[in-house]
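Chain residues, written in single-letter form:
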Amino acid sequence: MAASDSPTQQNVTLDDVVTTVVMARVTDFFGFFVYAIASAIIFPTIFFPFLDPVAGTLWSFAIFSLAFLARPFASVAGRAVQRKIGKAGKITLALMILGTSTVAIGLLPGYDEIGMAAPILLAILRFVQGLGLGGAWDGITLQLKSAAPAEREGLYGMVPQLGGPIGFCVAAALFYVLTDFLTVDELYSYGWRFAFFAVMAVNVVALFARIRLLTTDFGAEDDGVLKSAPMLELLRNEGRTILLSALLPIASYAVFHMVTVFPLSYSLLLAEHDIAHILLWQLLGGALAVVAVIVSGVLADLLTKRRVLQISCVLIVLLAMSVPTLENHPHIYIVFGFVVLGLSYGQSSSIVPNRFAPQFRYSGAALSTNLSWILGAAFAPFLGLLLAANFGLWASALYMLSGAAVTAASLYFLEKRLNEG
């Protein structure tokens, strides 16, 4: 017999949901980017000193992708766990797994202390992080979407997306302090570890707000939107929609890493720019991205979400053309890139749930989102650096263009499918 999520139900307002959604997503992305930034500027030295810097960073980025590969497995397992201990219990367990693995990474000895065991343990802990992230899918964005006024669907749809640029700014600011105020020895010996301990602290704070919202009667629970659907039935009825929905945000998710992680690795390895200066430009870009995410919501209500994504694809083409500025004028690509990221990312996920029938919306959105992150984001830092190191920045630009082409095609076929239905 399934456990209930809570013995009592509380009433919350739409403002409570907005606040909780933003808090949850900011903390999620803060932890996400703490690892991402460390994988570019810390881990190659700590865990792969036996390789040349480019090869070490590529291995670091390969391990970075493991968390994305773990998420679908966690989602499937989470369905069984949720039936046993309820949604609130599942989220608590998942965040405990995520927090424990994050702290363990912060405590992990480097290659100089324990040899090859160090990168192997890092890979294991990164995979466990992915299990925690995948299991922590809570559907609270669907609660917000369900409760939002119809005429403000675009504006409320962008609210969860604010977590991306805000979370990045917090992580980048932390690493800016660490890199600019500590000596190199201090940074690599102990300084970087504090960032991972900070992740655990903020996740504990956010957990209580998320559990409170999940144990309320607010939003979509009554019409079944937050109910899991049987997997076979989901795939049989919504398989094509899941695939197209997974491909739809690929351009945005690729840009996500190509303006955050990729400039750090390229500047450190191939252009020799000062990392503290790059982080400062990224902080400025992140602030502009927050504004751009909000603008995407306004435009979605004035025009349509589809039109906003079409505009974003055109802007990504222009961004790809600006990639060569990373060599001598990195601020041009970085600042423009964050603005494009904000506009594209702001509506990239909110358009997906509408494509599913209500009874499949929760499970379909979860599955397509996990697949999107794998296809669009998991290998973006690895491929961006690999292409740039072997062929030049033009090859990285082509990679971004391919993402824009996939998104544009997916948008076309999704609209065609909707019209046929």
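Predicted, not measured: the structure shown is a model, and the values here were computed from it.

Tallying secondary structure elements over the chain gives 20 helices and zero strands in all. Total accessible area computed for the chain in this model is approximately 16600 Å², and 68% of it derives from carbon and sulfur atoms.

Turning our eyes to something else, we now look at the packing of aromatic side chains. Tallied over the entire structure, the rule returns 33 aromatic pairs. On the basis of an interplanar angle of 50° and a centroid distance of 6.2 Å, the ring pair of Phe 29 and Trp 373 is categorised as tilted. Remark: Trp 373 occurs in helix α18 (residues 361-378) and Phe 29 occurs in helix α1 (residues 14-41); sequence separation between them is 344 residues. When sorted by exposure, Phe 29 lands in the same class as Trp 373, which is buried. Between Phe 262 and Tyr 266 the ring centres are 5.9 Å apart and the planes differ by 40°, which places this aromatic pair in the tilted class. Of this pair, Phe 262 and Tyr 266 both sit in helix α14 (residues 262-271), four residues apart, roughly one helical turn. Taking relative accessible area as the criterion, Phe 262 reaches 0% and is therefore assigned buried. Taking the relative accessible area as the measure of exposure, Tyr 266 reaches 5% and is therefore buried. Across the ring face of Tyr 35, the terminal group of Arg 126 is positioned such that the distance to the ring centre comes to 4.0 Å.

The next subject is the confidence of the model for the chain. Residue-level pLDDT values for the chain average 86, and 88% of them are 70 or greater. pLDDT under 50 marks residues 1-9. Its contacts with residues more than four places away, or in other chains, come to 17 contacts.

In this fold, His 257 is placed in helix α13 (residues 250-258). On the accessibility criterion, His 257 (0% relative accessible area) is buried. Those residues in contact with His 257 that lie beyond four places of it in its chain are Phe 32, Phe 64, Phe 68, Phe 262, Pro 263, Ala 377, Ala 380 and Pro 381.

Conventions and cut-offs
Residue numbers restart at each chain and count upward from 1, following the sequence in its written direction. pLDDT decides what is reported in this predicted model: residues at 70 or higher carry local features, side-chain atom pairs at 80 or more are listed and counted, and totals for whole chains, interfaces and linings draw on all residues regardless. Only hydrogens and water are set aside when side-chain values are computed; all heavy atoms of the structure are taken into account. Secondary structure elements are defined from DSSP: runs of H or I of at least 4 residues count as helices, runs of E of at least 2 residues count as strands, and each element is numbered from the N terminus. Under the convention used here, a 1.4 Å probe and the Shrake-Rupley method define accessible areas, while residue burial counts only the protein chains that appear. Put simply, two rings from Phe, Tyr or Trp (the six-membered ring, in Trp's case) pair if the centres are within 6.5 Å, and we call them stacked under 30 degrees between planes, edge-to-face over 60, tilted for the rest. Exposure categories follow from relative accessible area, calculated using a 1.4 Å probe and restricted to protein chains: below 20% of the type maximum is buried, above 50% is exposed, and the middle band is partly exposed. Comment: the charge-over-ring label is applied if NZ (Lys) or CZ (Arg) is within 6 Å of the ring centre and within 35 degrees of the ring normal. Think of pLDDT as the predictor's per-residue confidence, scored from 0 to 100. Only heavy atoms matter for contacts: two residues are in contact if any of them lie within 4.5 Å across the pair.

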